[in-house]
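Tertiary structure, described
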Amino acid sequence: MSYVDVKQLTKRFGSNTVFEDINFTIEKGEFITLLGPSGCGKSTLLRSLAGLNPTEGGEIWVDGHDITHSAPQQRGIGMVFQSYALFPNMTVEGNIAFGLKMKKLSKSEITSEVARVIELVALSGKEKQYPHELSGGQRQRVALARALVVKPRILLLDEPLSALDAKIRKHLRQQIRDIQKELNLTTVFVTHDQEEAMIMSDRIFLMNQGEIVQQGAPEAIYTQPANEFVAGFMGHYNLIDAKTANTLFNLNTQSTVAIRPESIYVKEEGRHYDSHISSPKQARIKSHQLLGNVIRYQVEINQHEMTVDLLNRSSERLLSNGSQLELLFNLHEIQAVRT
């Protein structure tokens, strides 16, 4: 049996079914990300695992024990919220120690455990400060330390980085992943950010409208989307209807196909291309965006609009709107997708 085993889990709010008959397993020490658009049910699913949202059906098993109807404090699960949820009248030490005091540990044990996690989350020197004296990233690390200090079997993280600026967010997500690996802590992380999910996860559960529509390693989900929703949500895939795809690529398909923007090239004179590269297709640039090391072009080809990503090697690489160019497609990268 897997470390976490969720069977046919169902959650409703009145007549609104958030999810129904959800099934998945998680191995010990895995970092799982629940990824999906707002309103797809990922945070509700996380809160159901924590016992904060009672469910209407199904079972939750952890380490061979049924915890479906266990109280939150009896599940051995730690949770970190987007809003930090710190006690404003307590210091960093006081906030972190709170759960240990509830467990009635001795003073010496509390002091030792608090010191251990303060060092783990790199908050040494901040012990006597109050939440209003800390930055957003520091407050989130206090919330993380408070969850870790009670040594949970599972750590749940509900969009803990979404309120932080980009630089702090990148640093903290790496810190969370490093701590999780060091402790071999089974972790479920909620986000709507595809890049975050790709970087942090062992596996991604991609949700839409209360269903897990695809699960797997980040690379597999990115390169092998199961359907149009996954292709549209991950990586700015170009979705091309069957008729256009058959004309453009000499295919014989009845399905919509998807191709990533980085799998489309601009033809370079004098360069030899292998047989898996298509013949040149005439296209016109409609608009472009400079995204740092990538230039994203919106092009029109056979009255069909597509996105093309090219490396920004120099200013000479920037092609102006209205320019004509020849595009080549990597035929190995064209995926048929379900609707």
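Below: a short report on this structure. (Residues numbered from 1 in each chain as written. Predicted model: local features only at pLDDT ≥ 70, side-chain atom pairs only at ≥ 80, totals over all residues. Heavy atoms only, no water.)

All right, on to the nonpolar core then. With 33 residues, the main nonpolar core has Ile96, Leu144, Leu148, Leu155 and Ile176 as its most contacted residues. Secondary-structure elements contributing two or more residues to this core are α2 (92-102), α3 (107-120), α4 (136-148), β7 (154-158) and α5 (166-183). If one sorts the elements of this core by residue count, α4 sits on top with 6 residues. Sequence-distant contacts of Leu155, defined by excluding residues within four places in its chain, comprise Gly78, Val80, Leu144, Ala147, Leu148, Leu185, Thr186, Thr187 and Val188. Judged by nonpolar contacts, the second largest core, of 28 residues, contains Val18, Cys40, Leu46 and Ile154. (Core = buried A, V, L, I, M, F, W, Y, C linked by side-chain atoms within 4.5 Å. Buried < 20%, exposed > 50% of the residue type's maximum accessible area, 1.4 Å probe, protein only. Helix = DSSP H or I, 4+ residues; strand = E, 2+ residues; numbered from the N terminus. Contact = heavy atoms within 4.5 Å.)

Bringing helix α1 (residues 42-50) into the picture now. When you tally the buried positions in α1, you get 7 out of 9 residues, the bulk of the element. If you check which residues of α1 are buried, you get Lys42, Thr44, Leu45, Leu46, Ser48, Leu49 and Ala50. Looking one or two residues beyond α1, the residue adopting positive phi is Gly51, at roughly 90°.

Of all 6 residues making up strand β9 (residues 203-208), 6 are buried, and the element is well covered by its neighbours. On β9, burial covers both faces: Arg203, Phe205 and Met207 on one face and Ile204, Leu206 and Asn208 on the other are all buried. Pairing geometry for strand β3 (residues 31-35) and β9, over 4 bridges, is parallel. Note that in β9 the partner of Thr33 across the bridge is Ile204. (Pairing = 2+ DSSP bridges.)

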